[in-house]
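The lines below spell out each chain.
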Amino acid sequence: MSVETNLSAPLLLDFFKALADESRLRLVGLLAISERSVDELATLLELRAPTVSHHLKRLKALDLVSMRAQGTSHVYRLNIDALHALSREALSVETLGAAAVAPAVSAVGADAWDRKVLRDFLIAETLKEIPASRKKRDVVLRWLVERFANDRRYTEKEVNAVLVRHHPDVATLRRELVGANLMQRANNVYWRV
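These numbers were taken from a predicted model, which means no experiment stands behind them.

Asks: Teacher, can you tell me more about the sheet that holds strand β6 (residues 154-155) here?
Replies: By way of backbone hydrogen bonds, the strands of a sheet pair with one another, either parallel or antiparallel. Taken together, the three strands give an open sheet; going across it, the order is β6-β8-β7, and neighbouring strands pair in antiparallel fashion. Two strands close off the open sheet at either side, each with one partner strand: β6 and β7 (183-186). Note: β7 against strand β8 (residues 189-192), four bridges, orientation antiparallel. Looking at β8, one finds that Met 183 is bridged to Arg 192.

Have a look at this one:
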């Protein structure tokens, strides 16, 4: 990874995740003092060597540590220049602003909570259950209404055919979509609002 390039939103997230872990943060602290082997780090942190290696791998992926062979051991050191460059870049106004409007947009919108609700209630495109909570149900309904074209009228049979692909209780879903003002109905014809 080149530290001169702008951080993408996923890389920015990886940077903060890497340093949010207590063990990795302690590793960075120990390596800031001096180079150390995996065994030394494991002893100092009271962790198993494979666990330390796992954490070092995460830090190495961000170029925060480098490794050199010393006999049969691997010795790690903190890449201070990369740490400074990454932290400077990660905390820049431009990067933080870009992360706020990153293209992590789902079918419902950019709201992380909406995406979480959809992950909790959907298996692929199938609704596990209709949420009891009104707030969660609204998220699912906004997702469902996206399955209908904006400029088209649907018969009740056509609405049922779309909804049954996602959940068997089509009558409840039709009623909820109309009740949430996401669809309108007149003479057994439905359309998106």
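Having seen the model, we can carry on.
Asks: For this particular structure, what's the right way to read the pattern of salt bridges?
Replies: Between side chains of opposite charge, pairing is possible as soon as their charged atoms come close. In total, this model carries 10 salt bridges according to the counting rule given. The partner of Asp 114 in a salt bridge is Arg 142, and the shortest N-O contact between them spans 3.0 Å. In this pair, Asp 114 is assigned in helix α7 (residues 112-121) and Arg 142 in helix α8 (residues 134-145), connecting sequence segments 28 residues apart. Across the pair Glu 176 and Arg 137 runs a salt bridge whose closest N-O atoms are separated by 3.4 Å. Highlighted residues: Glu 176 in helix α10 (residues 170-179) and Arg 137 in helix α8, separated in sequence by 39 residues. Judged on exposure class, the residue Glu 176 and its partner Arg 137 are both buried. Overlapping salt bridges, with partners in common, bring together Arg 134, Arg 137, Asp 138 and Glu 176 in one network.

Asks: Where do I start with the nonpolar core in this structure?
Replies: One recurring pattern in soluble globular proteins: nonpolar side chains tend to sit buried together. By size, the foremost hydrophobic cluster in this structure holds 22 residues, and its most contacted members are Val 140, Leu 144, Phe 148, Leu 163 and Leu 177. When residues of this core are traced back to their parent elements, those giving at least two are α7, α8, α9 (156-163) and α10. Counting residues per element, this core draws most heavily on α8, at six residues. Apart from residues lying up to four places away in sequence, Phe 148 is in contact with Tyr 154, Val 159, Val 162, Leu 163, Leu 177, Met 183 and Arg 192. The next biggest cluster of nonpolar side chains, apart from the first, holds 20 residues, and it includes Leu 31, Val 38, Val 52 and Leu 64.

Scoring rules and cut-offs
Residues numbered from 1 in each chain as written. Predicted model: local features only at pLDDT ≥ 70, side-chain atom pairs only at ≥ 80, totals over all residues. Heavy atoms only, no water. Pairing = 2+ DSSP bridges. Helix = DSSP H or I, 4+ residues; strand = E, 2+ residues; numbered from the N terminus. Salt bridge = Lys/Arg side-chain N within 4 Å of Asp/Glu carboxyl O. Buried < 20%, exposed > 50% of the residue type's maximum accessible area, 1.4 Å probe, protein only. Core = buried A, V, L, I, M, F, W, Y, C linked by side-chain atoms within 4.5 Å. Contact = heavy atoms within 4.5 Å.

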